[in-house]
Amino acid sequence: MKLMVIGSGGREHALIRSLKKNPTVTEIYALPGNGGIASDAVCVDIGAKDIPAIVRFAREAAIDYAVVAPDDPLALGCVDALEAIGVPCFGPHKAAAEIESSKVFAKNLMRKYGIPTAAYEVFNSAEAALSYLDTAPLPTVVKADGLALGKGVIIAKTREEARTAVREIMQEKRFGDSGSRVVIEEFLEGPEVSVLCFTDGKTVVPMVSSMDHKRAGDGDTGLNTGGMGTIAPNPYYTPEVAERCMREIFLPTIRAMKQEGREFRGCLYFGLMITFDGPKVIEYNCRFGDPETQVVLPLLDSDLLTVMQAVTEGRLADCPVRFRDAHACCVILASAGYPEHYEKGLPISIPEDVLPHVYVAGAALRDGQLVTGGGRVLGVTAVADTLLEAIGEAYRMADQITFENRYCRRDIGQRALQAKQN
Ligand code: AMP
Ligand code: GLY
C-alpha cells in the first residue's frame, strides 16, 4: 500500500510512525512533511493547503490511501477532492469539518441538539457585540468564528479587554475573514480534558484521554501556544465522567452531524471542561490534536491503519480498538521566543537512542544536518507503567537533546500527578 499523509508537524510524525507498523505499507509520502519526518517518510514539497497539487500528486503516485491531518486542508475540502478521484481518505468531508472551522456552526449545533456547552451569543457586527458587552457577565470569552491558528480565543476579565478583543477581531480583522462573526460565551471553570474519538459517523470509539498544557510558561502562565506538552490518560477523566461524556456529548454529537447531513468520518476531538455541572464542550476539532496525538498513539495497541480503514469504510463497529494500560508523557522543546519571535536554522543534536521517541514538529535538513525551523521544534514521548515514571523518562530524554535557545516547560504532568494524589 502506498500512503500519503498531509501535514508537517509532530502530530503527522506520530501518525506516520504508527502507520509504518502495518506490514502492508510499502511507501509513505508526507506532503510537505519536515526535516525530521524525512527519516520516516518521503517528503514531497507540496503545501497542505494546495489542494489541486495534492490531488495531482495522489493521481501520479497512485496513492492507495490518504490521511488528511491538519484543519486547513480539511476545511478546504481536501477529502472531498481526493475521493472524487477515487482515493479513500481518513478525515471528514468539508461539510463535516465545519464543526471546527466555524465556531458559530458548532455552538448552534450544540444548542439545537441539547449538547452541554457554555451559554453564548453570536454577533455579526462589532456594534452589536460591543453593546452586549456593556452588561455581559465577567469574565467573558470572545471567540473569532473561523480558524485562527488557535489564537482566536480571548478570555477577558474586564469589559475593556473584551471590547479590545471584539475590535481586533471584527474591525481590525486580526484573523482575517475568521473574524466576520464572533461568539461571546460564558466563562467556564474546571479541569480540561481532551478526548480524541474514532468515528465512522455511526459508531464512536474514544481513544485514551489526554491533557494538554497550552500556556508557554510553567504553572500555566504566559501566552497561549499550540501546546507545550501532554500526558495520557487524563486523571480527571474518570469512568463516571467517561460514561457521561459518551451519553451526553459523544453520541449526541455524532447523531446530530448525521441528522444535519454532515456525517462525520475521521477523528473527532472533544475539548472538554469538567465543570461543577458536569462535562461541557469547550471546542470541537475535526482532526487529531497536536500534541495529544504524540501521547495517544504510542498507547494504541491496535494497528492504526486497520482502524482508519474501518472508519473510512463505515465498519468501525466491527473493528476492535485497544489501548495499553500504561501512561505517556510528551515534552515539547521549543525555540526561545515562541509563540512570538524566534530564530530558525540552529543545529539540533539528538542521541541515537532517543531518536525513536522524538516527533519532529518544526525542523529542516541543511546539508544532512537537522536544524530548527519552527517555534515548536520537537516533542519527546515516554511511555511507562506510571505517570511519574513517564514524566521522569520524558525529561531525561528531552534533556539530552540540544540546540541553541531551546526551552521547554518543566512542569508537564505535574497537575495530573497532583490530581491523582487527591
Ligand atoms: P479553544 O481555542 O476553543 O480551545 O480555546 C482555547 C482555550 O481557551 C481552551 O483550552 C480553554 O482553556 C479556554 N476557553 C475556551 N473557552 C472557554 C470558556 N468558555 N470558559 C473558560 N475557558 C475557555
Ligand atoms: N492541542 C490542541 C489542538 O490540537 O488544537
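Quick note: structure is the one above.
(A) Quick look at the environment of Gln-414. Among the secondary structure elements, Gln-414 is positioned in helix H13 (residues 414–421). Overall, Gln-414 belongs to the partly exposed group, its relative accessible area being 32%. Spatially, the C-alpha atoms of Gln-414 and Ile-231 are 9.7 Å apart, while their sequence positions differ by 183 residues.

(B) Fine view of the packing of helix H5 (residues 94–101) against helix H6 (residues 103–113). Two elements in contact, H5 and H6, have axes whose closest approach is 6 Å; the angle formed by their N-to-C orientations is 90 degrees. One finds that H5 runs roughly perpendicular with respect to H6. In this structure, H5 uses Glu-98, Ile-99, Glu-100 and Ser-101 to contact H6, whose residues at the interface are Lys-103, Phe-105, Ala-106 and Leu-109. Of the residues assigned to the contact of H5 with H6, the class counts are 4 nonpolar, 1 polar and 3 charged.

(C) A look at the sheet that holds strand E2 (residues 27–32). Here 5 strands make up an open sheet; going across it, the order is E3-E2-E1-E4-E5 and the pairing parallel. Each of the sheet's edge strands pairs with one partner strand only, and the pair in question is strand E3 (42–43) and strand E5 (89–90). Bridge count between E2 and E3: 2 bridges; the pairing is parallel. Looking at E3, one finds that Tyr-29 is bridged to Val-42. Packed on one face of the sheet, helix H1 (residues 10–19) meets strand E1 (2–7), E2 and strand E4 (65–68) and runs near 165 degrees to E1. Contacts from helix H2 (residues 51–60) reach E1 and E2 within the one sheet, and its direction differs from that of E1 by about 170 degrees.

(D) The pattern of salt bridges, seen in detail. Tallied over the entire structure, the rule returns 26 salt bridges. Taking the shortest distance from any N to any O, the salt bridge between Glu-283 and Lys-214 comes out at 3.7 Å. Here Lys-214 lies in the loop between strand E12 (211–212) and strand E13 (215–217) and Glu-283 lies in strand E17 (residues 278–285), a separation of 69 residues in the sequence. A relative accessible area of 19% places Glu-283 in the buried class. By relative accessible area, Lys-214 is classed as partly exposed at 31%. The residue Arg-406 makes a salt bridge to Asp-399 at a minimum N-O spacing of 3.2 Å. Here the salt bridges do not stand alone but share partners, grouping Asp-134, Glu-160, Arg-163 and Arg-167 into one network.

(E) Geometry of the site of ligand 2. Every residue near ligand 2 is listed here: Asp-212, Gly-226, Tyr-269, Asn-285, Arg-287, Gly-289, Asp-290 and Glu-292. The separation between a nitrogen atom of ligand 2 and a polar side-chain atom of Asp-212 is 3.0 Å. The separation between an oxygen atom of ligand 2 and a polar side-chain atom of Arg-287 is 2.9 Å. Computed on the free molecule, ligand 2 has an accessible area of 200 Å², of which 87% lies beneath the protein chains in the complex. Considering only residue class, the shell around ligand 2 consists of 1 nonpolar, 3 polar and 4 charged.

(F) Seen up close, the site of ligand 1. Around ligand 1, 15 residues are found, and the nearest of them are Glu-185, Glu-186, Leu-188, Glu-192 and Glu-283. Within the side chain of Glu-185, a nitrogen or oxygen atom sits 2.7 Å from a nitrogen atom of ligand 1. Contact distances for ligand 1 include 2.8 Å between an oxygen atom and a side-chain N or O atom of Glu-283. Relative to its unbound accessible area of 480 Å², ligand 1 is 91% covered by the protein chains. Elements supplying a minimum of two residues to the shell around ligand 1: strand E7 (140–144), strand E8 (153–156), strand E9 (182–186) and E17. When grouped by side-chain class, the residues that make up the shell around ligand 1 number 8 nonpolar, no polar and 7 charged.

Thresholds, definitions, all that
Residues numbered from 1 in each chain as written. Chains lettered and ligands numbered in written order. Predicted model: local features only at pLDDT ≥ 70, side-chain atom pairs only at ≥ 80, totals over all residues. Heavy atoms only, no water. Helix = DSSP H or I, 4+ residues; strand = E, 2+ residues; numbered from the N terminus. Buried < 20%, exposed > 50% of the residue type's maximum accessible area, 1.4 Å probe, protein only. Axes fitted to C-alpha atoms, helices over the stretch in contact; angles between N-to-C directions. Parallel < 35°, antiparallel > 145°, perpendicular 65-115°, else oblique. Contact = heavy atoms within 4.5 Å. Nonpolar A, V, L, I, M, F, W, Y, C, P; charged D, E, K, R; others polar. Pairing = 2+ DSSP bridges. Salt bridge = Lys/Arg side-chain N within 4 Å of Asp/Glu carboxyl O. Near = heavy atom within 4 Å. Polar contact = N/O pair within 3.5 Å; in protein donor to acceptor, adjacent residues only side chain to side chain. Areas by Shrake-Rupley, 256 points an atom, 1.4 Å probe, with all protein chains shown as cover.

Geometry only, nothing functional implied.
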